[in-house]
Structure formats: structure tokens, C-alpha cells
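The primary structure of each chain is shown beneath.
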Amino acid sequence: MRLLSLQPSISVTLDALGRLDHLAACTKYCLVVVPALAGRGLPVVQDSWSARTEELLPLRPDLVLASVPYRQESLTAILKAGVPVLLLAPHSLADIYQDIRLIGSVSAAASEAEALIARMQAQIESVRHESASLPRLRVYCEEWGKPLIHSQGWVKELVEAAGAEFLGEPGSHTTAEAVAAADPDVILAAWCGAGDRVPLERIVEQRGWQRLRAVREGRVYCIRDEWLNTPAPTLLRGLAAIAQVLHPEQFDSLLPPGDLRRIKFL
């Protein structure tokens, strides 16, 4: 199968399944998130939002794999050109597990997919068990800052697995005033496309959050974009980061030292 990956989550999953050799092309964002793609010389194409039929057809794909966020018009044009498209739109961990199964099925890695899902579930349940008796903190987790958008449903599940309460409705818009009124114990920022470069000090100042409990206690963090916003096995790093910042006394060694420095403390 010649697969075209239009989203990093798909390339991450293929990497975890040991099936990168099925990739005939990927996006520039895939190259950033999946270091194993470096040096393979794969053609680079636009992502699920901007993909164009004229750049994909010459690559002769057997299947185009796309995921949210996507633009329906782009994918419809690809379908009309006669290229099969598998579109993924997960909202929960259960959806992500099913997407892993789908990717495994089209890359001849069905058993590897089941093993990967089992590992993910085991790690999540291990953190849930260890955090069950710890103080239950209230967490505001932000996917975007202009406008303010709550993180997705699977992030809510990870926050809850780490023994905390997720404030707000996943994926919905909010305001600085609403967050201030909730006065969270912890603020987590993982902006789409920002890596670990969310300007924490600036957003606290601009939003007038200086007196919030999370700010006063120094519990405002940036977690890498791909650890929370990429619906793929990299979410386990996001869970490790959440658990470690919520309960450092319990989870002080979940992330290697090289990864810890990527979490910015205010």
C-alpha cells in the first residue's frame, strides 16, 4: 500500500506500528513530529486542510489518510479524482484506539495495532491507579489562546486519569473572565502548532490573571503541542507531563530529563 499521510497523528501511528515504509508522502509537520522520517527523502505535501489534487495524483497513492482539522472541499476533490480517502475525526480516547485499528488494518499491522492499544490503555490505567488517592486539583487546559479554546475531549480524559478535574467543556470557546471566575489550581497551555513556545508570562499579564491561584502558586505550564493535540500514541507523553506537573512528588520520573526541560514553568 502506498499511503499518503496528511496529518502528523497518522505518521506517528505508522511509526509506532513499525510501518513507515508504507508512506509514499507526508507533510512538513510529520517530519517535525516523527524524527524517523528524516533522511527518507519522502515527497512533502500539504496537510488535511490545504491538500490539492494536482500534487497528490502524480504520487499514485493507494490511499490518502487525513484527519482533523480538515477542509471538506479539499478532500472531496481528491475523492472525485478517484483516490480513496480515509478520514479520521476522533473526539475521545476510544475514537483514537479505533483509528489506530484502522491504520493498522490498511498497513498490514492489525496485531501490532492491538498491542499498541493495550500498551496505551495499561499506561493510562497505571497513572489513574497511582493518582486515585492524591489531592484532586482543578485544571484549566487551553488548546488555543486567540480566542481561548478548551482542549479536546481526549485531553479531558487524560487530566481525569491523572486524578484532576478538567474545567469547562472540551473544544469549546471560553473567556479570560470565565477562567478567572473558576480560579483553577493549575493552568496548562498546549497551543496547536506552537510546540513548547506558548508565551506564559505574556498571557497571564494580558488577561489580568496575576491574582489567580495557579499563578500565585507558580502552577502555570506549557506542554508541547504534539503531546496533547496529536491524537496518537504521543498522548502518553502528554499524560506523563500532566501527571508530573500535577503531582511531582508521585510522578517525578515519568519523563526523561531531556523531556522535562521542554515543559516551561512560569
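What counts as what
Residues numbered from 1 in each chain as written. Predicted model: local features only at pLDDT ≥ 70, side-chain atom pairs only at ≥ 80, totals over all residues. Heavy atoms only, no water. Helix = DSSP H or I, 4+ residues; strand = E, 2+ residues; numbered from the N terminus. Contact = heavy atoms within 4.5 Å. Buried < 20%, exposed > 50% of the residue type's maximum accessible area, 1.4 Å probe, protein only. Domains from an automatic or database assignment. Buried area = accessible area lost by both parts, 1.4 Å probe. Polar contact = N/O pair within 3.5 Å; in protein donor to acceptor, adjacent residues only side chain to side chain. Nonpolar A, V, L, I, M, F, W, Y, C, P; charged D, E, K, R; others polar. Expected span 1.5 Å × (residues − 1). UniProt positions renumbered as here; feature names shortened; annotations may be inferred. Lys, Arg positive; Asp, Glu negative; His and termini not counted. Salt bridge = Lys/Arg side-chain N within 4 Å of Asp/Glu carboxyl O. Phe/Tyr/Trp six-rings, centres within 6.5 Å; stacked < 30°, edge-to-face > 60°.

A.B. asks: Explain the environment of Glu165 here, please?
C.D. replies: Inspection of the secondary structure assignment puts Glu165 in strand β7 (residues 165-166). Between the C-alpha atom of Glu165 and that of Asp183, which follows or precedes it by 18 residues, the distance is 13 Å. Ignoring anything within four residues of it in the chain, the contact list for Glu165 reads Arg136, Leu137, Arg138, Val139 and Val159.

A.B. asks: Hey, could you run me through unusual backbone geometry in this one?
C.D. replies: One can expect most non-glycine residues to show negative phi and most peptide bonds to be in trans. That bond from Lys146 to Pro147 is cis: its omega, 0°, falls within 30 degrees of zero. Its location among the elements puts Pro147 in the loop between β5 (138-145) and β6 (148-150). For Arg60, which is not glycine, the phi dihedral falls at a positive 50°. In this structure, Arg60 sits in the loop between α3 (53-56) and β3 (63-67). The exposure class assigned to Arg60 is exposed, which follows from its relative accessible area of 58%. One non-glycine residue with positive phi stands out, namely Ala108, at about 55°.

A.B. asks: How should the domain arrangement of the protein be read in this particular structure?
C.D. replies: As a measure of interface size, the accessible area lost when the parts come together is often cited. For the protein, the domain assignment lists domain 1 (3-89) and domain 2 (115-262). Put simply, the middle of domain 1 and the middle of domain 2, counted by C-alpha atoms, are 28 Å apart. On the side of domain 2, seven residues touch domain 1, which itself brings seven residues to the contact. Carbon and sulfur atoms supply 83% of the area that domain 1 and domain 2 bury against each other, a total of about 550 Å² over both sides. At the surface where domain 1 touches domain 2, the tally comes to zero residue pairs in polar contact (both at pLDDT 80 or more). Broken down by class, the residue content of the side of domain 1 that touches domain 2 amounts to five nonpolar, two polar and no charged.

A.B. asks: Looking at this structure, how should I read the side chain of Ser5?
C.D. replies: By the secondary structure assignment, Ser5 is in strand β1 (residues 3-5). Residue classification places Ser5 among the buried positions, given a relative accessible area of 0%. Side chain to side chain, Ser5 and Ser11 meet in a polar contact 2.8 Å long. With residues near it in sequence (within four places) discarded, Ser5 still touches Ile10, Ser11, Leu23, Ala25, Cys26, Thr27, Cys30, Val45 and Leu65.

A.B. asks: Looking at this structure, how should I read helix α12 (residues 235-246)?
C.D. replies: Structural remark: α-helix, 3.6 residues per turn; residues separated by three or four positions point the same way. Between its terminal C-alpha atoms α12 stretches 16 Å, which fits the 16 Å expected from 12 residues at 1.5 Å a residue. Most of α12 is tucked away, with 11 of its 12 residues classed as buried. For α12, every residue scored as buried is listed here: Leu235, Leu236, Gly238, Leu239, Ala240, Ala241, Ile242, Ala243, Gln244, Val245 and Leu246.

A.B. asks: What exactly am I supposed to notice about the UniProt feature "domain: Fe/B12 periplasmic-binding" (unreviewed entry) in the protein here?
C.D. replies: Under the local residue numbering, the UniProt record ascribes the feature "domain: Fe/B12 periplasmic-binding" (unreviewed entry) to residues 2-250. In the segment residues 2-250, helix accounts for 43% and strand for 15%; the C-alpha atoms at its two ends are 45 Å apart.

A.B. asks: Could you clarify how one ought to interpret the side chain of Asp47 in this entry?
C.D. replies: Examined against the element boundaries, Asp47 turns out to sit in the loop between α2 (28-33) and α3. Within the buried set, Asp47 has no salt-bridge partner at all; the shortest N-O distance to an opposite charge, 7.8 Å, is to Lys28. Within the structure, Asp47 has its side chain in polar contact with the backbone nitrogen of Trp49 (distance 3.0 Å). With near-sequence residues (within four places) excluded, Asp47 lies in contact with Leu6, Gln7, Thr27 and Tyr29.

A.B. asks: How do you make sense of the packing of aromatic side chains when you look at a structure like this?
C.D. replies: The geometry of two aromatic rings is summed up by the distance between their centres and the angle between their planes. Applying the stated rule across the entire model yields two aromatic pairs. For the ring pair Tyr140 and Trp209, a centre distance of 6.0 Å and an interplane angle of 90° mean the geometry is edge-to-face. Of this pair, Tyr140 sits in strand β5 while Trp209 sits in the loop between α9 (200-206) and α10 (213-216); the two residues are 69 residues apart in sequence, bridging distant segments of the chain. Both residues of the pair, Tyr140 and Trp209, count as buried. Aromatic pair Trp144 and Trp191: ring centres 5.5 Å apart, planes at 55°, arrangement tilted. Pair noted here: Trp144 is in strand β5 and Trp191 is in the loop between β9 (186-189) and α9, with a separation of 47 residues, a long-range link. Looking at Trp144, the relative accessible area reads 33%, which means it is partly exposed.

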